[in-house]
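The residues making up each chain are set out below.
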Protein chains: 2
Amino acid sequence: MTGLAVAALLAPPLAAADAPAGRTPSDIVEAAPAADWTRIAASDLVVMDLAPDARGRARRVVIQLIPAPFSQGWTGNIRKLVAARWFDGIAVVRVQDNYVVQWGDPDGETPGKAKVLPKGLQATTEAGYVASIDKAELTASADEANFAAAGLSGKGRSSLDHYAPLTTFQAGWPIGTSETAKWPVHCYGMVGVGRNLSPDTGTGAELYTVIGQAPRQLDRNIALVGRIISGMEHLSSLPRGTGPLGFYERAEERTPIVSVRMGNEVPGLPAYEYLSTDSASFAAYADKRANRKDDFYIQPAGGVDVCNVPVPIREAKR
Amino acid sequence: MTGLAVAALLAPPLAAADAPAGRTPSDIVEAAPAADWTRIAASDLVVMDLAPDARGRARRVVIQLIPAPFSQGWTGNIRKLVAARWFDGIAVVRVQDNYVVQWGDPDGETPGKAKVLPKGLQATTEAGYVASIDKAELTASADEANFAAAGLSGKGRSSLDHYAPLTTFQAGWPIGTSETAKWPVHCYGMVGVGRNLSPDTGTGAELYTVIGQAPRQLDRNIALVGRIISGMEHLSSLPRGTGPLGFYERAEERTPIVSVRMGNEVPGLPAYEYLSTDSASFAAYADKRANRKDDFYIQPAGGVDVCNVPVPIREAKR
């Protein structure tokens, strides 16, 4: 009943300064050898600079585009839209609590005012979208075995995910799989393509990111094109919109997007790397996320869902 | 490739104005008869008024305390802390992205400066906490059958949750169960008790709410005492703290909490009601959350996790 040690209260899974070395997930990540990290090519990064905040502080968001075989029609379009500087001057138009932040052309539905899209964008039909999933054949890999070994997914335990027969990690990404298909899943910070009613699948000019409980019901319904690897807090902390679906009701509520560039166009951008999901370090990290028992955790969970094992991503150390 | 219909893009699960009546989860909620709603007693609400925002707008957060048999030692303490006006003048001290917002006494760890707790708080030991879970014997009810009937949980399908043998809803709350115990689970907006290392279990003077992917690993490790039923956006949109664990580094970054009162002490507070989880309407709503197929959703998920079925709560219509 005496003074509360505020700084130590509710030590989170990813940081408990007082736990012995090797005991926490963050300890495992910190101790991972350089060989267990994979560098992300700057040409696969999209750097989105929002207008500075009310105090004049810069707000930079860095997105990593998802690699083949996923969503390549849309990521190709995004590269063209960046090249055409189409994204410069659009805005964050929607923030719906526990769901998504969305950005696009605020005048997109106003005939005559809508920003003209560049020529050469790839048409992405619903049929094409579903086919792209069916064709996604990443081979079973050490990543998958690692996640399964930690008792975290379907191998040897059936149906431990509501939304996919098996969830796993492959090439650094959270993936849902069935016997015939693989697809990226809607975890916190994943970036997807806004679209209208089916069969529209969107172009990639309107994007959103997840800011709440993973809306996994969107898996296989909307194309995911990447994830936010830096600056997520600049989007997740924006004021919620008060209109239907969290759209802002007044133009001045929107956050302007000043410029969007590919990472290799941005001087001084740090290099980023992720903890390789086929590494022993990742297996140990995932296992610790599922089975933590220490001075804080009394009751280990014994399992963990795919969106509760965020892939560690950091500025490269050298 | 023409102008984008921004307002209709990415129609969320809970609102699709263009879908036929009865087709969406929100349609089902809207159509639920009055008898399917349960009024929440004002005496079970905690009304927390934050300092107005930068534009002078009020920021009110309403918390519903969890009913027996859960966490009654802590909710009893919270009632005593409110009665003593102990919470008045504390602050939001921590905002960690995709994890929690936490409020308490900013000087809690400064000897001599820490706010003195009122007498008569109940000691809540680790042993007592675990025991309180084991003793929680809500009988199997229509709520449980409803969630199971929708194919959403363990009945007839084994282990469809990473963190509990069975998840369900009971008396309006998301609940994890085993053969011998039941416990509330850490979904978005749930409110829990900050604590130090075990065997400390916290008093209830330091509280947090979930603002990201459900940190279910905290289930059975930290006492949950309620959930936020109104004003969540005032907490989830706060700037993230830049110190370790998301604590604010400077006092002026904290959001002051001006007053905390029980609902029955607040003149003009609306009455609130939740969709009874043992109602046919809730069963239909949960089923639709799991199996949506319409003009937007091409591929029904076929399942849903317990934290992706937010219990509908609204101001009472009469």
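These numbers were taken from a predicted model, which means no experiment stands behind them.

A.B. asks: Is there a simple way to think about the side chain of His186(B) in this case?
C.D. replies: All names here are of chain B. Along the chain, His186 turns up in the loop between strand E8 (182–184) and strand E9 (190–193). Judged by its relative accessible area of 0%, His186 falls in the buried class. Within the structure, the side chain of His186 is placed 2.6 Å from the side chain of Tyr208, a separation counted as a polar contact. Excluding residues that lie within four positions of it along the chain, His186 makes contacts with Tyr208, Val210, Ala214, Pro215, Arg216, Leu218, Asp219, Ile222, Leu224 and Cys307.

A.B. asks: Explain the packing of aromatic side chains here, please?
C.D. replies: In this description, an aromatic ring pair is defined by two values, namely the gap between the centres and the angle between the planes. Applying the stated criterion across every chain, the model contains eight aromatic pairs over all chains. Taken together, a centroid distance of 5.4 Å and an interplanar angle of 65° make the contact between Phe296(A) and Tyr297(A) edge-to-face. For Phe296(A), a relative accessible area of 2% translates into the label buried. Owing to a relative accessible area of 1%, Tyr297(A) belongs among the buried residues under this scheme. Through pairs of rings, three or more aromatic residues link up here, namely Phe169(A), Phe282(A) and Tyr285(A). The ring of Trp183(B) is capped by Arg220(B), whose NZ or CZ atom sits 4.3 Å from the centre of that ring. Its guanidinium or amino end placed over the ring of Trp173(B), Arg227(B) lies 3.8 Å from that ring's centre, counting from NZ or CZ.

A.B. asks: I keep staring at the pattern of salt bridges and nothing clicks. Help me out?
C.D. replies: Should their charged atoms come close, side chains of opposite charge can pair. For the coordinates displayed, the defined rule picks out 26 salt bridges over all chains. Across the pair Glu265(A) and Arg85(A) runs a salt bridge, and its minimum N-O distance is 2.8 Å. Residue Glu265(A) is located in the loop between strand E12 (255–262) and strand E13 (272–275), and its partner Arg85(A) is located in the loop between helix H2 (72–83) and strand E4 (91–96); the two are separated by 180 residues in the primary sequence. For Glu265(A), a relative accessible area of 35% gives the class partly exposed. With a relative accessible area of 31%, Arg85(A) lands in the partly exposed category. With its nearest N and O atoms 2.7 Å apart, the salt bridge here joins Asp294(B) to Arg292(B).

A.B. asks: Got a minute to help me understand the state of the cysteines in this structure?
C.D. replies: What we call a disulfide is simply a covalent bond connecting the sulfur atoms of a pair of cysteines. All names here are of chain A. Inspection of the entire model under this criterion finds two disulfides over all chains. Paired by a disulfide, Cys187 and Cys307 hold their sulfur atoms 2.1 Å apart. On the sign convention where negative means left-handed, the S-S torsion of about -75° between Cys187 and Cys307 marks this disulfide as left-handed. Pair noted here: Cys187 is in the loop between strand E8 (182–184) and strand E9 (190–193) and Cys307 is in the loop between helix H6 (280–290) and strand E14 (313–315), with a separation of 120 residues, a long-range link. Each member of the pair, Cys187 as well as Cys307, carries the same accessibility label: buried.

A.B. asks: Looking at this structure, how should I read the sheet that holds strand E5 (residues 100–104) of chain B?
C.D. replies: As a general point, the strands of a sheet are linked pairwise by backbone hydrogen bonds and lie either parallel or antiparallel. Residue and element names in this part refer to chain B. Overall, antiparallel pairing links the eight strands, which are arranged E2-E3-E11-E9-E10-E5-E4-E12 in a closed barrel. With strand direction ignored, the average angle separating the axes of adjacent strands in the sheet is 35°. On the sheet, helix H2 (residues 72–83) packs against strand E2 (45–50), strand E3 (59–65), E9, strand E10 (207–210), strand E11 (224–230) and strand E12 (255–262) and is oriented at approximately 100° with respect to E12.

Thresholds applied
- Residues numbered from 1 in each chain as written.
- Chains lettered and ligands numbered in written order.
- Predicted model: local features only at pLDDT ≥ 70, side-chain atom pairs only at ≥ 80, totals over all residues.
- Heavy atoms only, no water.
- Helix = DSSP H or I, 4+ residues; strand = E, 2+ residues; numbered from the N terminus.
- Buried < 20%, exposed > 50% of the residue type's maximum accessible area, 1.4 Å probe, protein only.
- Polar contact = N/O pair within 3.5 Å; in protein donor to acceptor, adjacent residues only side chain to side chain.
- Contact = heavy atoms within 4.5 Å.
- Phe/Tyr/Trp six-rings, centres within 6.5 Å; stacked < 30°, edge-to-face > 60°.
- Lys NZ or Arg CZ within 6 Å of the ring centre and 35° of its normal.
- Salt bridge = Lys/Arg side-chain N within 4 Å of Asp/Glu carboxyl O.
- Disulfide = S-S within 2.5 Å.
- Pairing = 2+ DSSP bridges.
- Axes fitted to C-alpha atoms, helices over the stretch in contact; angles between N-to-C directions.

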